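Understanding the architecture of this molecule
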Amino acid sequence: LERHEGWCAALSAEGAAIADSTILLQCLRAMRKRVAKMDSFDFSTTKDEDHAKTIHARCWLSWAPLLLFDLKLYRTIQDKHGWRGAEALKGATSALRHAGREDRNRLLSIQEAIFRELVATGLVVGLGRHHPMTDSGREFLEGLLDAMAPITGSASLGTPLCDLASNIAVRAIGEIEADGEGGEERPSARVRAFVGSVLRSSADGTEVTAALLQGLLDDETGAAVVMPELDALLRGKGEGRSPRLGLAALDLVFRRGAGDGAGSGLNTQIGPITDLVVGLNPAGVREQVRDLLQKLPSNHVIRSLLRKIGDPEQDLRPSVELLLEFLKKIREDEAAAVDSAFREFVRRMSGSPTRVAQLMKMLGEEDKESFFWGAILPALLQASAAEPSNQTLIQTMSALSPQLSAHSAIIGDFVISSLAKQEALECSDLAVFDRLHPFLVLRIVSKACFDRVVTEGLETRLSAEGHVLVSNDVLGFLIERMRNPDEDLQVRKVCSELCGKMNPNVSFSVLLAIFRESIGSRQHAVSRACMYAFCSSFANHRGSAPMVMHSRSDTLSKEVVRLFKAISLQADDESKKTQLGCLDCFGSVLLLKLESGDLSIDPMAFRFEEVAPVLIGEDGAEETRLAAMMGLGKSLDLQTHTFLANALITTCPRIKETRREALFACQLIPGILKHMVFRSPETYADHDCLYLDEILLQVLFISSYHLPGPVLADYASDIISLVVSVMGKGLPARVQSAAARIAACLLSKEDLVLGCKDVLADLGRALSRVQGEASCSGEMRNMCQALLSRLQA
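Residues numbered from 1 in each chain as written. Predicted model: local features only at pLDDT ≥ 70, side-chain atom pairs only at ≥ 80, totals over all residues. Heavy atoms only, no water.

This next bit is on the overall build of the protein chain. Of regular secondary structure, the protein chain possesses 41 helices and 2 strands. Look at the contacts in the protein chain between residues 6 or more apart in sequence, and 72% of them connect residues 24 or more apart. (Helix = DSSP H or I, 4+ residues; strand = E, 2+ residues; numbered from the N terminus. Contact = heavy atoms within 4.5 Å.)

Structure follows, in structure tokens:
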């Protein structure tokens, strides 16, 4: 073997000898014999065997580049000597694989040297050029891959050589796979073996392994070979395959910066690779999975996580937590890709909106204002519009009101575009939910966001002549839907509510003009819609925009009273509903006056303290601004007084909202008590007085029911004394019955009973006396009995 080493060196240095293929084949046959003898020889010592194998490997340091990489020589031998010669050459290459069984560290330096010799002699320059593939050429390329496999563990090859190795492997695999015949297994066993050896060497973390993997994944043919092998590794399918090794291979590739370039071929594989990694569930590799995902583009990780979340068999919480982590990292240039991923997700989950709702709620609970919401909210808006039969996503958006409100531009674009599309269709062509949906979105967002959406591009306004000029903006759409008689009632109601949500500086004058027009044209439905909008406006903006409402509320009140008087004698359903709307609207004005009575905004506007004098007809009340606004004089106008009393009754359940319960009681109850104390049977010769007192006692009853105990305690004794007085004067039965109901209300509040024990005995005697009168009705007698039983208890 030592002599043979010198002989090989001489031949490799003598061009003429190598060029003579006959001599070369003879040399190869001789070498094969010596290799066979070495394989079968029984060395006396291990040292001798190691020495012989080392010399053998060093021989191949000179011969292997010529035998493995010179395709021209390979074909020359086949052409001159046929298959026997080619088989001899093929057999010679097995010597190198025989050397691969040696100690890895010692052999690695030899393999590196072979590869460097290959590069130095430039014998692979022609690789990849077009030429007809033959079986010998295929064997040459497969032998080349065999020679490449051992260098994957090298840590001393520089970046240029690593990249060259990657290019050689990619070109060789590409030509081998392109040459495959129909019945042949694809990929070939030798190619799979090479790829497997590269993946297994990932644990070493060498630069050359990373370059080989990146090059293969960057190439379409190479990726088609690597991906199944990588999948098998990650899933642990087969002996010696483990998820840890697959993750190490990918970590090696992406640690090298693969896929960063926009034109990188690896970008086409990042999606499938991310799907594989995200889909791993073994507990032992979770941290390794998380570390690797940090090296992948966030938008790809998000898309893969959404696919996993869409699987109902998967635990939602861990995936959502990981998804949130990556959503917070997305850059502005990735927003479009994230938007696309969420649209794909909600489209895929269209049959299971509950899963989408769960995801969004979890994200909303953990994050309120990150940048990513701007990328995912459009998908949610579209999805909620596409699910008319399921309110799950609408409820989800309600829970995400802070996130929606922070993106007024997205809300505005969605609402305007949706409404503009609907304008091109007839109402009958759209389901109620479709017409309602854009307005439901506006209902969900905050007032501040809503105001920004409304004022953006606002053109709807009043003309100089006082006419409403409607444009295709949010206010314009709301007005048109609100007053359209063909529109669904639910849609009209929501539009009215939203007109009330709008800043009064924008909407009040427009709504007032529409209200006046509707009164004149007797469009009661439009009038009710306007009054409902005003009620909503008072509720939404009572504290934030008092100026415009105070300065215009008297004008509104005058129009409301005018409408009520015009329809008060009509008994059809439309008129009755409109009458109730008038009472609610006027009651809202009264609450506004009660709550903001200390604001000296408009000295010409009426104040809440004028209500009681006008209501009970005190002397001089006709001089008040309220009386002037309502058209009242000195004489009793039962219709108008009844309207005012009923409006007060509608305010009682809402007094708590104003936090002015004590002021309400102070300015109303004493006046009613004083008025009733001086009533006598003769007073009721005028039946209008009977009706007025009956409704005044009804006001007192409803007020007593809704006012809190601590406020009512100051007046409880006086109210019971009034009841006793009414019972003892022989006033009409209807008045006594109304007074008895007030007593029943007070006695139901135990905290009040203890504070007025001194008048309860008088009440008991008055009730007993009335109960014993022959003229007492059955209803009144039963009421007295119930009150006496309550007193005894």
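Next up on the list: the confidence of the model for the protein chain. Across the protein chain, pLDDT averages 79, with 77% of residues at or above 70. The secondary-structure element of the protein chain with the lowest mean pLDDT is helix H2 (residues 15-19), recorded at 45, while helix H26 (residues 489-501) shows the highest, at 93. Contacts for the low-pLDDT stretch residues 65-71, under 50 throughout, to residues beyond four places or in other chains number 31 contacts. Of the regions scoring below 50 in pLDDT, residues 121-132 engages in 20 contacts with residues more than four places distant in sequence or in other chains. (pLDDT = per-residue confidence, 0-100.)

Once that is clear, we can look at the side chain of Glu-661. Locating Glu-661 in the fold gives a position in helix H35 (residues 661-677). Despite its burial, Glu-661 pairs with no opposite charge; the closest candidate is Lys-656, at 6.7 Å N-O. Filtering out sequence-adjacent residues up to four positions away, Glu-661 remains in contact with Ile-655, Lys-656, Leu-707, Pro-708 and Val-711. (Buried < 20%, exposed > 50% of the residue type's maximum accessible area, 1.4 Å probe, protein only. Lys, Arg positive; Asp, Glu negative; His and termini not counted. Salt bridge = Lys/Arg side-chain N within 4 Å of Asp/Glu carboxyl O.)

Our next topic: helix H23 (residues 432-444). An α-helix turns once every 3.6 residues. As a result, residues three or four positions apart point the same way. Taking 1.5 Å of rise per residue, 13 residues should cover 18 Å, and H23 covers 18 Å from first to last C-alpha, within 8% of that figure. Residue Pro-438 marks the point of greatest curvature in H23, where the axis turns by about 35°. In terms of residue burial, H23 counts as a mostly covered element, since 10 of its 13 residues are buried. Taken together, the buried positions of H23 are occupied by Phe-433, Arg-435, Leu-436, His-437, Pro-438, Phe-439, Leu-440, Val-441, Leu-442 and Ile-444. (Expected span 1.5 Å × (residues − 1). Bend = angle between axes of the 7 residues up to and from the residue.)

This next bit is on the pattern of salt bridges. Oppositely charged side chains can pair when the atoms bearing their charge come close. The tally for this structure, following the rule as stated, stands at 24 salt bridges. For Arg-331, the salt bridge goes to Glu-334, with nearest N and O atoms at 3.7 Å. By relative accessible area, Arg-331 is classed as partly exposed at 48%. Residue Glu-334 is classed as buried on the basis of its relative accessible area, which comes to 7%. The salt bridge involving Glu-574 is made with Lys-577; its shortest N-O contact spans 3.6 Å. With a gap of 3 residues between them, Glu-574 and Lys-577 both fall in helix H30 (residues 573-595), about one helical turn apart. Note on Lys-577: relative accessible area 44%, which makes it partly exposed. Among the ionic contacts, a cluster of salt bridges with common partners joins Asp-275, Arg-303, Arg-307, Glu-344 and Arg-348.

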